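One-letter residues, chain by chain:
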Amino acid sequence: MTKRPRLSFWQIWNMSFGFLGIQFGFALQNANVSRIFETLGANIDDIPILWIAAPITGLIIQPIIGHMSDNTWGRFGRRRPFFLVGAILASLALIVMPNSPVLWVAAGMLWILDASINVSMEPFRAFVGDMLPSEQRTKGFAMQSFFIGTGAVVASVLPYVLTEWFNIANTAPEGQIPPSVKWSFYLGAIAFFGAVIWTVIKTKEYSPKELKEFEEAEQAEVKEKTGAESIISHKEFSGRYFFKQSVIWLLAGLVLSIGVWYFKLDAKLYIVTVGILAFGVIQFIVGLLKNAQRNNGGLVVVINDLFNMPKTMAQLAVVQFFSWFALFAMWIYTTAGVTSHIYDMKISQGEFNQLKIEQQRLLADKDVVESDFKYDVFNDEIQKIETHFDKGKAEVAVPVRLLNLFLKEGESSGDKKVQLYDNLYNIDKELFERFKVILSEYNTGANWVGVMFGAYNLFAAVVAFLLVYLAKLTSRKITHAISLIAGGVGLISVFFVSNPIMLLVPMLGVGLAWASILSMPYAILAGSLPSNKMGTYMGIFNFFIVIPQILAASILGFFVVTVFGGQAIYSLILGGGSLFIAAFMVLFVTDRDDIAARK
């Protein structure tokens, strides 16, 4: 019996190169999909389901594809057929999406694109575990981090580069997608397909027989050094066990749903409670299938394996939960937090009093009630601002959706009053001009946040291989803990920065954490998984990325409004604290490969 052979740098490069294309798809989607929806006439507030398309798709697709790839072997290998199928579908979706004639086509293409990207991405994680010996897995996942960072930076700036360097238009007639966005997606499709094809052609997979021999040899070595037995003790749970579990989850989901309804909490919390109910229903179905002796179906295998997860995976799940909760807090609220905290977006009490007068006039105007003016939005935002002034604040930031009520249809004129929405209401010209300045400040800040995000991705690509050497000097756990602490310090320090240029400094810490999050947990996890279930467990591991994302989307808005007093900047502090918790919890993770290597 022999261990997996070590691969050269360029072999690891080739097997990871496809991730560059995958990240092109994700980056283009994240940066431009809202723009496409809004161009086609969507109000994002009215279609919130689109915001959770990616996590829900990943939650469903990744473990299924992982299970399927574990049980596939043919002319093109084990994982590579899924690379190829996902690349073809995702590339087609990237071409079609910016040419969508109507909103529902674009929405459908988003789901297809997400599903296709997940078909390619999940086997890439398992691919490193298949191909590399334990001592090279850190380098393998670091290589993926490098390509993720590089792809994110390049794809995010494509529309800007095409416009500024190649004079491709960044505007288009109403209801049409700008050519710069279209060509960005076309180039993304080429990059996606080309990068994945490179990996498919340049990499040869080991057969199931070879993988079994490698695993037996590696387990024998670990046992000799540590006394540890097999990687995982597999247990088949009975249908009765799943029925009991389903009752617990269904009751919990029902009670929590009633609580949200009774106490009139944020409706987004239903996403969490309905998710709990859905998991209860899934376990009930698995129980029925178990009793019918249908034990080999994908759903039964995935759920049974979920309850069989190795100890290391369960420990890493906690680390992943707090890590990704922090990331989603950053992605969701950095724009709102930075623009309102650092940029000039505040109004005085006197300026607010003018809005209060307008509020009373609008309330008494029957024409307003019968018009399309969003009075509920106006009234809601006025009440929030008033709450802050009642607490003694001298100035309060104005939310963008309130500004848009006045500025979307308004034009500056020489009159004292500026008429908007067919003379439905008016505000003082000076206040109107102030609103224009505030909106300009917001756009400037939002653009700078894009630079900040590009900076942390670039830094993550640069330091990805540094983490490999730091892990050799210390351990993967210590390296990950240091990186998470750096990220936590970075997020919290944003609160104390007043100069936009200096915001790039905290992003260095975030970039270090991001590079580590994309590599260290997977390197640690791979050593605890059996080869015949590497794909399934890598897919299940994605649960602990998706669940905090859904939870963040559900509860962070509630926290911002009720706990943070509408100040989004505190969400970044919460995210920093979450990274500190993750850093502490990683110290309790059992890294089998590291223990064996140090014996």
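Residues numbered from 1 in each chain as written. Predicted model: local features only at pLDDT ≥ 70, side-chain atom pairs only at ≥ 80, totals over all residues. Heavy atoms only, no water.

1. Some words on the overall build of the chain
Along its length, the chain carries 24 helices and 4 strands. Of the contacts formed within the chain by residues at least 6 apart in sequence, a portion of 80% connects residues at least 24 apart. For the chain, the accessible surface area stands at approximately 26800 Å², while carbon and sulfur atoms represent 64% of it. (Helix = DSSP H or I, 4+ residues; strand = E, 2+ residues; numbered from the N terminus. Contact = heavy atoms within 4.5 Å. Areas by Shrake-Rupley, 256 points an atom, 1.4 Å probe, with all protein chains shown as cover.)

2. Focus on the packing of aromatic side chains
Evaluated as defined, the whole model comprises 44 aromatic pairs. Measuring from centroid to centroid gives 5.3 Å for W183 and Y186, while their planes differ by 80°, and the two rings are edge-to-face. Placement of both W183 and Y186 in helix α7 (residues 179-202) is noted, with a separation of 3 residues, approximately one turn of the helix. Owing to a relative accessible area of 46%, W183 belongs among the partly exposed residues under this scheme. The exposure class of Y186 is partly exposed, given its relative accessible area of 21%. Connected via pairs of aromatic rings, a cluster forms that spans F9, W10, W13, F17, F146, F147, W198 and F465. The residue whose ring lies beneath R125 is Y522, and the NZ or CZ to ring-centre distance is 4.0 Å. Residue placement shows K202 over the ring face of W198; its charged tip is 5.1 Å from the ring centre. (Phe/Tyr/Trp six-rings, centres within 6.5 Å; stacked < 30°, edge-to-face > 60°. Buried < 20%, exposed > 50% of the residue type's maximum accessible area, 1.4 Å probe, protein only. Lys NZ or Arg CZ within 6 Å of the ring centre and 35° of its normal.)

3. Examining the layout of surface pockets
Taken as a whole, the second largest pocket encloses approximately 930 Å³ of empty space. Considering the residues around the second largest pocket, the lining is formed by 27 residues, among which L59, G275, F279, I282 and I547 are closest to the centre. Listing elements by their share of the lining of the second largest pocket, those giving two or more residues are α3 (53-70), α10 (270-291), α11 (298-306) and α22 (543-563). Looking at which element gives the most residues to the lining of the second largest pocket, the answer is α10, with 8 residues. Broken down by class, the residue content of the lining of the second largest pocket amounts to 25 nonpolar, 2 polar and no charged. (1 Å grid on protein atoms, 1.4 Å probe; cavity = no way out; pocket = protein on both sides within 12 Å on 5 of 7 lines; lining within 4 Å. Points joined across faces, edges and corners; volume = space filled by probe spheres on them. Nonpolar A, V, L, I, M, F, W, Y, C, P; charged D, E, K, R; others polar.)

4. Observations concerning unusual backbone geometry
Residue K264 is not a glycine yet carries a positive backbone phi of 55°. Topologically, K264 is positioned in the loop between α9 (239-262) and α10. For Q293, which is not glycine, the phi dihedral falls at a positive 65°. The topology assignment puts Q293 in the loop between α10 and α11.

5. Things to note about a nonpolar patch on the surface
A cluster of nonpolar side chains, namely L254, I258, W261, Y262, F263 and L265, defines an oily patch on the protein surface of about 700 Å² accessible area. Counting through the fold element by element, I258 comes out in helix α9. (Patch = residues over 30% accessible without salt bridge, like charges linked within 9 Å, V, L, I, M, F, W, Y side chains within 5 Å. Salt bridge = Lys/Arg side-chain N within 4 Å of Asp/Glu carboxyl O.)

6. Focus on the environment of R240
Counting through the fold element by element, R240 comes out in helix α9. As a C-alpha pair, R240 and N291 span 51 residues in sequence and 8.1 Å in three-dimensional space.

7. Observations concerning helix α19 (residues 504-517)
An ideal rise of 1.5 Å per residue puts 20 Å on 14 residues; α19 measures up with 20 Å between its terminal C-alpha atoms. Of all 14 residues in α19, 11 are buried, a share of seventy percent or more. Of all the positions in α19, only P506, M507, G509, V510, G511, L512, A513, W514, A515, S516 and I517 are classed as buried. Each element contacted by the buried residues of α19 is listed here: α6 (134-166), α12 (311-342), α17 (429-473), α18 (476-493) and α20 (520-526). (Expected span 1.5 Å × (residues − 1).)

8. Digging into the pattern of salt bridges
One pass over the structure, following the stated rule, counts 14 salt bridges. Across the pair R6 and E135 runs a salt bridge, and its minimum N-O distance is 3.7 Å. Here R6, found in the segment before α1 (9-16), pairs with E135, found in helix α6; they are 129 residues apart in sequence, far enough to count as distant. When the shortest N-O distance is used, the salt bridge between K533 and D305 registers 2.9 Å. Highlighted residues: K533 in the loop between α20 and α21 (534-541) and D305 in helix α11, separated in sequence by 228 residues. By relative accessible area, which is 17% here, K533 ends up buried.

9. Regarding empty space enclosed by the protein
Summed over all chains, the structure comprises 1 cavity of 30 Å³ or more. Empty space within the largest cavity amounts to approximately 40 Å³. Surrounding the largest cavity, A326, L327, M330, G487, L491, V510, A513 and L579 form its lining. Mapped by element, the contributors of at least two residues to the lining of the largest cavity are α12, α18 and α19.

10. Let's talk about the packing of α12 against helix α23 (residues 569-586)
Put simply, α12 and α23 touch, their axes get as near as 7 Å, and they point 160° apart. Classified by the interaxial angle, the pair formed by α12 and α23 is roughly antiparallel. Both α12 and α23 take part in a crossing whose hand is left-handed. Classifying every residue of the contact of α12 with α23 by side-chain character gives 17 nonpolar, 7 polar and no charged. (Axes fitted to C-alpha atoms, helices over the stretch in contact; angles between N-to-C directions. Parallel < 35°, antiparallel > 145°, perpendicular 65-115°, else oblique. Left-handed = near helix turned anticlockwise from the far one by under 90°.)

11. Re the confidence of the model for the chain
Predicted confidence across the chain gives a mean pLDDT of 84, with 87% of residues reaching 70 or more. Taking the mean pLDDT of every element in the chain, the minimum, 41, falls on strand β3 (residues 417-420) and the maximum, 97, on α18. Contacts from residues 43-48, a stretch scored under 50 in pLDDT, to residues over four places away or in other chains number 6 contacts. (pLDDT = per-residue confidence, 0-100.)

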